[in-house]
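Structural overview for review
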Amino acid sequence: MPTNADSPQPTRRRAPAGAAVLREDVTEAIRAAVFEELAAAGYARMSIEGIARRAGVGKTAVYRRWRSKLHLVLDLVSAIAVQGLPAPDTGSLEEDLLLLYRVTARALKHPVAGQILPDLQAEAARNPEIADALQKALREGQHGVANGIVRAAVTRGDLREGLDEELALDLISGPLYWRSVVVRTPELPKGHLKRLAAATAAALKAL
């Protein structure tokens with residue numbers, strides 16, 4: 001009869017190498033460092049070394065999570081799409097638009113966002129993967145919220161059924177993005193967002 005020493009012992013499964021060290025606080029520190037490095041150096045000059053230095057970690061910590069700076073940036077851009085924007089629900093088309101514009105204007109006014117977005121757009125013209133990720137972020141982010149505003153307005157009877165939704169999204173998203181990111185107006189005129197919301201609501205009703 002076999003002794004306990006001879007009996008087969010259960011095999012302990014070892015965790016995959018690196019799995020135990022992927023601490024969330026380190027991951028968040030790296031993500032924050034990426035935004036800072038993008039704003040300071042731009043995508044083309046951004047390096048894993050610079051990101052690691054800003055995050056206070058070694059390069060290995062970055063490479064355990066992302067295999068290149070391209071995959072790192074694509075992951076961050078995709079995360080923006082998942083987070084999205086709060087969906088306004090005031091019961092009024094004009095007020096919904098005004099809330100959307102206020103949230104968006106605050107986000108675009110941030111100096112980091114103001115520097116990163118134009119740089120990524122320029123890079124997107126050369127890199128199809130970044131272009132796809134940006135398109136996804138815009139469509140599932142602000143465009144998703146804008147589409148919700150339009151459909152809620154149609155349900156309430158504020159807008160007609162069958163309107164051109166793509167044109168409606170262009171009317172909602174285009175003007176503020178043009179002023180804040182393309183022209184890069186330092187400060188919007190007083191009352192601009194309220195006037196923009198009223199003008200956009202009128203334009204949507206004319207579709």
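First things first, this report covers the structure right here in the doc. None of these values were measured; they are calculated from a predicted model.

1. Some thoughts on a nonpolar patch on the surface
A cluster of nonpolar side chains, namely W178, V182 and V183, defines an oily patch on the protein surface of about 300 Å² accessible area. Within the secondary structure, V182 sits in helix α9 (residues 165-182).

2. Digging into the nonpolar core
Residues I30, V34, I51 and L72 are the most contacted members of the largest nonpolar core, which totals 27 residues. When contributions to this core are tallied by element, the ones reaching two or more residues are α1 (24-45), α2 (48-55), α3 (59-65), α4 (69-83), α6 (111-124) and α7 (128-140). With seven residues, α1 is the largest single contributor of residues to this core. Those residues in contact with I51 that lie beyond four places of it in its chain are I30, A33, V34, E37, M46 and L72. If you look at the next biggest cluster of nonpolar residues, it comprises 23 residues, including L97, L159, I172 and L204.

3. Quick look at the environment of E36
Position of E36 relative to the elements: it lies in helix α1. Along the primary structure E36 and R54 are separated by 18 residues, whereas in three dimensions their C-alpha atoms are 8.1 Å apart.

4. Brief notes about the pattern of salt bridges
Taken as a whole and assessed by the stated rule, the structure comprises nine salt bridges. For D158, the salt bridge is made with R156, and the minimal N-O distance between the two is 2.9 Å. Judged by relative accessible area, which is 31%, D158 ranks as partly exposed. Judged by relative accessible area, which is 31%, R156 ranks as partly exposed.

5. Concerning the packing of aromatic side chains
Geometry of an aromatic ring pair is reported as the spacing of the ring centres plus the angle between the planes. This model, assessed by the stated rule, comprises zero aromatic pairs. Between K69 and the ring centre of Y43, over which it is positioned, the NZ or CZ distance is 4.6 Å.

6. What about the environment of A146?
Looking at where A146 falls in the secondary structure, it is placed in helix α8 (residues 142-156). Sequence-wise, A146 and L169 are 23 residues apart; in three dimensions their C-alpha atoms are separated by 6.3 Å. The residues contacting A146, other than those within four sequence positions of it, are L100, L169, I172 and S173.

7. Considering the packing of helix α5 (residues 93-109) against α9
Contact geometry for α5 and α9: axes closest at 11 Å, N-to-C directions at 30 degrees. As judged from the angle between their axes, α5 and α9 are roughly parallel. Seen from above, α5 lies across α9 with right-handed handedness. Of the residues in α9, those in contact with L97, L100, Y101, T104, A105 and L108 of α5 are L171, I172, L176, Y177, S180 and V181. Tallied by class, residues from the contact of α5 with α9 come to ten nonpolar, two polar and no charged.

Analysis parameters
Residues numbered from 1 in each chain as written. Predicted model: local features only at pLDDT ≥ 70, side-chain atom pairs only at ≥ 80, totals over all residues. Heavy atoms only, no water. Patch = residues over 30% accessible without salt bridge, like charges linked within 9 Å, V, L, I, M, F, W, Y side chains within 5 Å. Areas by Shrake-Rupley, 256 points an atom, 1.4 Å probe, with all protein chains shown as cover. Salt bridge = Lys/Arg side-chain N within 4 Å of Asp/Glu carboxyl O. Helix = DSSP H or I, 4+ residues; strand = E, 2+ residues; numbered from the N terminus. Core = buried A, V, L, I, M, F, W, Y, C linked by side-chain atoms within 4.5 Å. Buried < 20%, exposed > 50% of the residue type's maximum accessible area, 1.4 Å probe, protein only. Contact = heavy atoms within 4.5 Å. Phe/Tyr/Trp six-rings, centres within 6.5 Å; stacked < 30°, edge-to-face > 60°. Lys NZ or Arg CZ within 6 Å of the ring centre and 35° of its normal. Axes fitted to C-alpha atoms, helices over the stretch in contact; angles between N-to-C directions. Parallel < 35°, antiparallel > 145°, perpendicular 65-115°, else oblique. Left-handed = near helix turned anticlockwise from the far one by under 90°. Nonpolar A, V, L, I, M, F, W, Y, C, P; charged D, E, K, R; others polar.

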